[in-house]
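Residue-level structural notes
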Amino acid sequence: MRPTTSLLLGAVLAVYFAIMPLRVSAEPRSGGVINVVVQPEPPGLMLGLTQNGPTQMVAGNIYESLLRYDENLSPIQNLATSWDVSADGRVYTFTLKEDVRWHDGEAFTAHDVVFTVDTFLRETHPRLRVSLEHVERVEALGDHRVRFTLKQPFGPFLGIFEVGTMPMVPRHIYEGTEFRSNPANDTPIGTGPFKFKEWVKGSHIHLVRNDDYHVDGLPYLDEIYWHVIPDSSARAIAYETGKVDVLPGGSIETFDVERLRDLPNTKVTKKGWEYFAPHAFLWINNRTSPLSDPRFRRAIMYAMDRGFARDVVWNGFGTVAAGPVSSKTKFHSTDVRHYPYDPDKAKALLGEMGYDGRPIRLLPLPYGEAWQRWAEAVRQNLNEVGIQVELQATDVAGWNQRLNEWDFDLAFTYLYQFGDPALGVARTYVSSNIAKGSPWNNVAGYANSKVDELFARAAIAFPEENRQALYDELQQTVVEEVPVAWLLELEFPTIYRSNINDLVTTAIGLNDGFVDAWIED
Amino acid sequence: MHRLHFLGIRLIKAVLVLFAIVVLNFFLIRAAPGDPAMVLAGEAGAADEIFIAQLRERFGLDRPVHEQLFFYVRQVASLDLGFSYRQQAPVLTLILERLPATLLLTLAAFLISMALGVLLGVLSARRVGTWADSLITLVALIFYATPLFWLALMAIILFSVQLEWLPAFGMRSISQDLTGLAYVADVASHLVLPALTLGLFFMAVYARLTRASMLEVAGMDFVKTARAKGLSPGRVTRDHVLRNALLPVVTLAGIQAGHLVGGAVLTETVFAWPGIGRLMFEALLQRDYNLLLGVFVVASAMVLLFNIITDLAYTFIDPRIEAG
């Protein structure tokens, strides 16, 4: 063989072997078992009744909604194959997929949708109830079409068909029953890719493949085991020793992420949180001096080294938050006042207002080590500009109580934004939401009639282009007044084995279930 | 007859004490900030007044406290421990579900600690002042002083991560359908680390207690008399020293046995052992009043029961102690 021919052949073989793995990985295969961590143990798996994080993460495999959302928050079909919006933005008509069956074999129809939205979730789902205030009526047009008529256009309406917000509930099981005590809650029935098999409390939850799933060939996996492991170090070790294959975002301390990321056969993704866009900030009690003075609140913003917190406390995960709307949420604006780390400016503002050095109380979020360290970093930052801070530790119930009763000066928190300022941001700032009794209210006590009006107008403006200008103005105003101190757009990395593919494919990641996931040989 | 009378009196006293414990715990739990409705609402990621009012009404938390207490005591008197707010299941069912795991762990730890502890204590006392005594004392001190969670994590790192000998968490390999001996072996392999971790602390306590007690008894006149009578050293140790030295050990064993049902919060948490200790800890964080009170009631009843058994055991070990 001539040298040139050998070289050519070698090059061809090299290219062939280089692309071989890609070709193999591009072909999904059926079968396999995945072991995942869930923490804390969910209180129940009936997603219509319980919408906390762990419930949704497991039950997102059992239940479904009409739509899913890609990472840009654009709707994609699921139980609904198409949808029309009327010219005035008030009527939404969904065409449902045919031949969809509940896990017990009954057909899923438009009547299930009407029952779910109008009867079941109106009673049980506090977050959805706020959006449903905009809905005048829901009607079934035959078995496979549903019409929602709104009282007025509601900008984020097409964004509320995510499974945690609007899980479909079987009418034939729940109609006419006491929802919360229905025995069927223990053996949840949905239309999702996996069926409930077993729950050994304190140990594990076992889901198995739904062979009658409405998408041919899906899901690929045979079984999923969700392991309840209460200690975060033990969760990290469970991954390290191969007992679990997936650590969902937030299930281990951030300082363990780097170590696990370097393990062989391991991938890390930050995707799958775009819809929630967890936004961390400090509640500031606007009612009391010196916190009632905007100059003091601005001084806090300048005093905090948020880049340090991201790099050290969160091991580089996260983005410094510019204001109330996350960069992942619709209508985010960058045209706002910026608050870089500038202790001198903070001191100048405190001097200008004549701050008397009165100490202030700071409640850390009792969610683990990272939050505790973050609180210590903030205390140190504030001490450096002359603000004395007393950290007051609580457990979760105590933290809730203090927030509910407005008994704090500063308090760490983070909230989901649900893709749209009208769904996840307005509640923190509008004065109509100032009320004791819930940590999801406007706990800061911030009241600005201009902000109230902008939020109200932006929510119902139509078409969507008209909303941007209103939200731009709103963000400028709010960032100027600093009713809360924005910290970071949090990122919760999901850690998993490299041979697992298509684990995170939508804007809610693992909460949308393991419908597309498959294991490579 | 004396013993029966003693037993009757103790049982009546135990019921009164149990009642006092229920009432005290009822108020103690409610003194902590926050309530289950708040915690559940907090977990839901959103809450409005309707939702919180719904929860309070469902849990009966909207009624006056004295009514809630009356209702709860009446319920407990009819052996009904109520309904868990968060777990959405009867409390008794939840406790009984977790009981086998807890008993397996705590009994294994109890046996390890008793057997090893008394053995090491006797060895140490018989060889007092030698290198063996010093070594045993040192080991006992180390296990006594080491925080349990640290010991647990180190055991996991060594035996599960580095050596890969033993599983790191859980009670069994759940994705394998094992039966018979294979199942027993699987559970046993999961049990080794948590039982040893929990047992080593108590082992240290037993060893120190047995040693001190034996040395104290060994110096007493009746032991000297036994030796003077020409009894063999082994018989003196076994029949005269050890038997008398066991009283404080039995007291401690009684206390430990009383806590068998209460589980071991730290060990169960680190090893993800599905027992009652974890259930109790989670109930506390979630302000799951009924579940927490239920675990307290069962655990207190066991402590009282084992106290009575311990008192009875005294009368058998030392006939000089009269029942009652």
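Residues numbered from 1 in each chain as written. Chains lettered and ligands numbered in written order. Predicted model: local features only at pLDDT ≥ 70, side-chain atom pairs only at ≥ 80, totals over all residues. Heavy atoms only, no water.

Let us now look at the packing of helix H8 (residues 294-303) of chain A against helix H10 (residues 343-353) of chain A. All names here are of chain A. At a minimum axis separation of 7 Å, H8 and H10 run at an interaxial angle of 165 degrees. In terms of axis orientation, H8 runs roughly antiparallel to H10. Handedness of the crossing formed by H8 with H10: left-handed. When H8 is examined against H10, the residues Arg295, Phe296, Arg298, Ala299, Tyr302 and Ala303 are found in contact with a partner set consisting of Pro343, Lys345, Ala346, Leu349, Leu350, Glu352 and Met353. Residues that form the contact of H8 with H10 fall into these classes: nine nonpolar, no polar and four charged. (Axes fitted to C-alpha atoms, helices over the stretch in contact; angles between N-to-C directions. Helix = DSSP H or I, 4+ residues; strand = E, 2+ residues; numbered from the N terminus. Parallel < 35°, antiparallel > 145°, perpendicular 65-115°, else oblique. Left-handed = near helix turned anticlockwise from the far one by under 90°. Contact = heavy atoms within 4.5 Å. Nonpolar A, V, L, I, M, F, W, Y, C, P; charged D, E, K, R; others polar.)

Moving on to the interface of chain B and chain A. Of the residues lining the interface, 43 residues belong to chain B; the matching set on chain A comes to 45 residues. Counting the contacts that link chain B with chain A gives two salt bridges. Here Asp395(A) makes a salt bridge to Arg287(B), at a shortest N to O gap of 2.8 Å. Summed over the shared surface of chain B and chain A, the result is four residue pairs in polar contact (both at pLDDT 80 or more). Secondary-structure elements contributing two or more residues to the side of chain B that touches chain A are helix H2 (36-44), helix H3 (49-59), helix H5 (91-126), helix H7 (148-162), helix H11 (265-270) and helix H12 (276-285) of chain B. When its residues are assigned to classes, the side of chain B that touches chain A shows 22 nonpolar, nine polar and 12 charged. (Salt bridge = Lys/Arg side-chain N within 4 Å of Asp/Glu carboxyl O. Polar contact = N/O pair within 3.5 Å; in protein donor to acceptor, adjacent residues only side chain to side chain.)

On to the sheet that holds strand E13 (residues 279-284) of chain A. All names here are of chain A. Spatially, E14-E18-E13-E17-E15-E16 is the arrangement adopted by the six strands of the open sheet, whose pairing is mixed. Each of the sheet's edge strands pairs with one partner strand only, and the pair in question is strand E14 (319-320) and strand E16 (389-391). Bridge analysis of E13 against strand E18 (residues 484-489) gives five bridges, and the strand direction is antiparallel. Looking at E18, one finds that Leu282 is bridged to Ala485. (Pairing = 2+ DSSP bridges.)

On to the side chain of Gln68(B), then. Residue and element names in this part refer to chain B. Relative to the helices and strands, Gln68 resides in helix H4 (residues 65-77). Of the polar contacts made by the side chain of Gln68, one reaches the backbone oxygen of Arg63; its length is 2.8 Å. Apart from residues no more than four positions distant in its own chain, Gln68 is found in contact with Phe26, Arg30, Gly60, Leu61 and Arg63.

The next point concerns the sheet that holds strand E6 (residues 135-140) of chain A. Residue and element names in this part refer to chain A. Pairing within the open sheet is antiparallel, and its four strands lie in the order E4-E5-E7-E6. In this open sheet, the two edge strands, each paired with only one partner strand, are strand E4 (80-85) and E6. Between one strand axis and the next, the sheet turns through 15 degrees on average, direction left out of account. Of the pairings in the sheet, the one linking strand E5 (residues 91-96) to strand E7 (residues 145-150) comprises five bridges and is antiparallel in character. Its bridge partner being in E7, Tyr92 is matched across the sheet by Phe148. Along the sheet face, helix H3 (residues 110-124) touches E5, E6 and E7 and points at about 150 degrees away from the line of E6.

With that settled, consider the packing of aromatic side chains. Residues and elements named next belong to chain A. Taken as a whole and judged by the stated rule, the model has 44 aromatic pairs over all chains. Considering the side-chain rings of Tyr275 and Phe276, the 5.8 Å spacing of their centres and the 80 degrees angle between planes classify their relative orientation as edge-to-face. You'll find Tyr275 and Phe276 in the same group, each marked buried. It is Lys436 that lies over the ring of Trp406; its NZ or CZ is 5.3 Å from the centre. (Phe/Tyr/Trp six-rings, centres within 6.5 Å; stacked < 30°, edge-to-face > 60°. Buried < 20%, exposed > 50% of the residue type's maximum accessible area, 1.4 Å probe, protein only. Lys NZ or Arg CZ within 6 Å of the ring centre and 35° of its normal.)

Before going further, it helps to spend a moment on the pattern of salt bridges. Opposite charge on two side chains allows them to pair when their charged atoms are near. All names here are of chain A. Following the criterion strictly, the structure yields 36 salt bridges over all chains and no others. Note that Glu369 is salt-bridged to Arg373, the shortest N-O span being 3.5 Å. Separated by four residues within a single helix, Glu369 and Arg373 lie in helix H11 (residues 369-384), roughly one turn from each other. Among the residues examined, Glu369 registers a relative accessible area of 38% and is labelled partly exposed. With its nearest N and O atoms 3.2 Å apart, the salt bridge here joins Asp407 to Arg402. Residue classification places Asp407 among the partly exposed positions, given a relative accessible area of 34%.

This part takes up the pairing of strand E1 (residues 33-38) of chain A. Within a regular strand, the side chains alternate between the two sheet faces. Residue and element names in this part refer to chain A. In terms of burial, E1 is a largely internal element, five of the six residues being buried. Both E1 and strand E10 (residues 223-228) contribute to a ladder of six bridges, which runs parallel. The residue of E10 that forms the bridge with Val37 is His227.

Residue-level pLDDT values for chain A average 93, and 95% of them are 70 or greater. Within the model, the stretch residues 15-24 of chain A combines pLDDT values under 50 with two contacts to residues more than four positions away or in other chains. (pLDDT = per-residue confidence, 0-100.)

The next subject is the environment of Arg310(A). All names here are of chain A. When you line up the elements, Arg310 lands in helix H9 (residues 306-313). Through-space distance from the C-alpha of Arg310 to that of Leu488 is 7.4 Å; in sequence the pair is 178 residues apart. Those residues in contact with Arg310, other than ones at most four positions away along the chain, are Asn315, Gly316, Phe317, Gly318, Thr319, Val320 and Leu488.

With that settled, the discussion passes to the confidence of the model for chain B. The predicted model of chain B averages 86 in pLDDT, with 95% of residues at 70 or higher. In the predicted assembly, ipTM is 0.80 and pTM is 0.87.

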